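Summary of structural features
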Amino acid sequence: MSDVARTTEIAAVDSPAIVKPKARRRTARAMIDRYQWYEVAAIYLGIAVFLFFVLAPFIEGFLVSLKPLAQLFSTPYSFIPKNGSFDAYFNMWTSVPMLGMHIFNSFFISSVVTLIVVVIVVPAAYAFARFNFAGAGMLLGLFLAVNMFSGAVLLIPLFRLMRAMGLLNTYFAMIVPGAAFLIPSSIWLLRTYMLRIPRELDEAAWVDGASRLYTLRRVILPLAMPGIVVVAIMTFIGAYAQQFIFALTFNSKTEFMPLPVGLFAFFGKQEVQWNELMAASFVGILPVMIVIIFLQRYLVAGLTAGAVKQ
Amino acid sequence: MTSTRSATLFAFALLAPALIYITVIVAYPLVDTIILSFTNAALRPTYDFVGWANYQRIFTAGNFTEVIIRTLIWTFFSVSIKMIIGMFGAVLLNAAVPGQTVFRILTMPPWIVPMAIGIYMWAWMYNGQFGMISGLLQNFGLTNGPVAFLAYGNTAFWATIITDVWIGVPMVTIYFLASMQSIPKDLHEAAWTDGAGRFYRWRRITLPLMLPAIITMSLLSLIATFNSFDIIYILTNGGPSGQTTTMIIDTYKTAMGSRKYGEGAARAVVICIFVSIFCLVYFRAVRKLSQGEAK
């Protein structure tokens, strides 16, 4: 008697109507996820509290950008702006004359960093994924260790290095060190992805007489494309979110400053024009935020694989 | 075996750009830091070797040990709170309620926005006279007068921790969520059939199976938090009277503020020693965990 028959027999004894195993599992899944009304309420309440913590600075920041300075610097505090206006969004362009340039610089620096990282990481990840050369494991570990040191620790020699290379006060002073600290994690991420591409494909190409470089270009590269996209997005975000310390220390020219450092000048002033600072921040980050919403699936993939498991 | 030799050569050719880049931009500066830490390098172009003088000075004069202890406490609280809130968030986002995807997207902004810009927003929220937190506390009658969070050592310490938590939480949450979803559903179903409640299932199934993820994330987060610079630099610049000065801020001020490169390098070397220890713990943990998985 086959297993299937026995299962059906038991099912028949168990329940009055014969339910196929798969269907039964589906009902179980639906029922396990069924909540009482108070449970649903508690979940939504919890999510509301959690998201309030995450989003409060943005909400407050946006409301501040609508408040006139006179209302900002008045007590008692009111959360909702009275006679709010979008004035700050127009005035900020004169307060920060190079705002447009700063927004562009942020984007430009991150894009070049991403390009450099992808070009360097694709061959390196392939080498780690396919060739068991001596010292591969150790090298991989060393790359990972690089990840653990922040640029802030190495600031002194990096400063001297940038000076010696004549890169101080150029875009490259921010691009070159920025890319270095993003390479290791990208290698790990892409290697993990490439390990999942079946080796048989390489071997088949090899048997057909393809050279190693040809195999990489024509077989591996197209298959690894989704992984490369994830790496590129993660790198871009890393470069975009963390541009501060190198830009602060290695560049003093206003026209090269990325958005965070360009706005940092606001803080030096006696009376910070908070409404314009917030307005400028929002306009500056808006383009990237919109793009990210569409790419969130890749972000989750990158983040999950990024925290190294093997 | 010419084929393996050519394979190795090919592999190293592929690796060369990455190796050269990392050697020049990370490895060389690391070595340079160690060398500089034994010199009296400053703004002037030449410098002399001074032996262990820098190390002697930082450990005898001043409050370096105090800074180390403060950094460890700061890091400990920040990482622990991140893990707790991250777990809380992951459990909630894992609940099968309508709106899941939207909530998940809404979790990400602090991680994606340039860190410095998120910190500017917090700087305003912490403002004592007109900021949101102090304002709301007063409106609800929880405090008598304005609280200038960044003006007092104690509150500034916690304010910087909370901002650091805020930046770290999205990553921890999404990572925990992914790990939670990779747990086979059958386990929960079996326990559910046996009448196990939600909390019991979380404690007995979810938590133990997520342990590797929790350990991995804690250690990664520990290293990142230990190296955290932007938050304290922008919010308090290490003040008031040095009460939020962590090792990174301390090193930055010595090197970039007072231009004492030699002494700054010595402080940086101490940071590197700590990071290396964390690194070793992380590597061992990851190896142990992956062995456990294989069994």
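None of the values given here were measured: they were computed from a predicted structure. (Residues numbered from 1 in each chain as written. Chains lettered and ligands numbered in written order. Predicted model: local features only at pLDDT ≥ 70, side-chain atom pairs only at ≥ 80, totals over all residues.)

A count of helices and strands for chain A gives 15 helices and zero strands. Counting the 310 residues in chain A, one finds 42% classified as buried. Long-range contacts, defined here as pairs at least 24 residues apart, represent 77% of the contacts in chain A between residues at least 6 apart. (Helix = DSSP H or I, 4+ residues; strand = E, 2+ residues; numbered from the N terminus. Buried ≥ 20, exposed ≤ 12 C-beta atoms within 10 Å, placed from the backbone. Contact = placed C-beta atoms within 7 Å.)

A common way to express how large an interface is: the accessible area buried when the components associate. Opposite the 82 residues of chain B that make contact, chain A presents 79 residues. In terms of residue count, the dominant contributor to the side of chain B that touches chain A is helix α1 (residues 2-36) of chain B (17 residues). Among the residues forming the side of chain B that touches chain A, the class breakdown is 64 nonpolar, 14 polar and four charged. (Nonpolar A, V, L, I, M, F, W, Y, C, P; charged D, E, K, R; others polar.)

Moving on, we come to helix α3 (residues 37-66) of chain A. The largest bend in α3 of chain A comes to about 55°, at L55 of chain A, with the proline P57 of chain A one to four residues further on. Among all positions of α3 of chain A, only I47, F50, V54, P57, F58, E60, G61, V64, S65 and L66 of chain A are buried. (Bend = angle between axes of the 7 residues up to and from the residue.)

A few words on unusual backbone geometry. Across residues other than glycine, the phi torsion is negative in most instances, and most of the peptide bonds are trans. All names here are of chain B. Although it is not a glycine, N237 adopts a positive phi angle of roughly 50°. Position of N237 among the secondary structure elements: in the loop between α11 (230-235) and α12 (247-257). On the neighbour-count criterion, N237 (16 C-beta atoms within 10 Å) is partly exposed. The phi angle at R259 is positive, at roughly 60°, despite the residue not being glycine. Note on placement: R259 falls in the loop between α12 and α13 (261-294).

Moving on: the domain arrangement of chain A. Residue and element names in this part refer to chain A. In terms of domains, chain A is made up of domain 1 (3-92) and domain 2 (94-306). Contact residues are listed per partner, giving eleven residues for domain 1 and 14 residues for domain 2. Residue assignment for the side of domain 1 that touches domain 2 shows that the elements contributing at least two residues are α3, α4 (69-72) and α5 (87-95). Across the side of domain 1 that touches domain 2, the residue classes break down as seven nonpolar, three polar and one charged. (Domains from an automatic or database assignment.)

Spanning 13 residues, helix α7 (residues 136-148) of chain A covers 19 Å between terminal C-alpha atoms, matching the ideal 18 Å at 1.5 Å per step. Within the span of α7 of chain A, buried status applies to L139, F143, N147 and M148 of chain A. (Expected span 1.5 Å × (residues − 1).)

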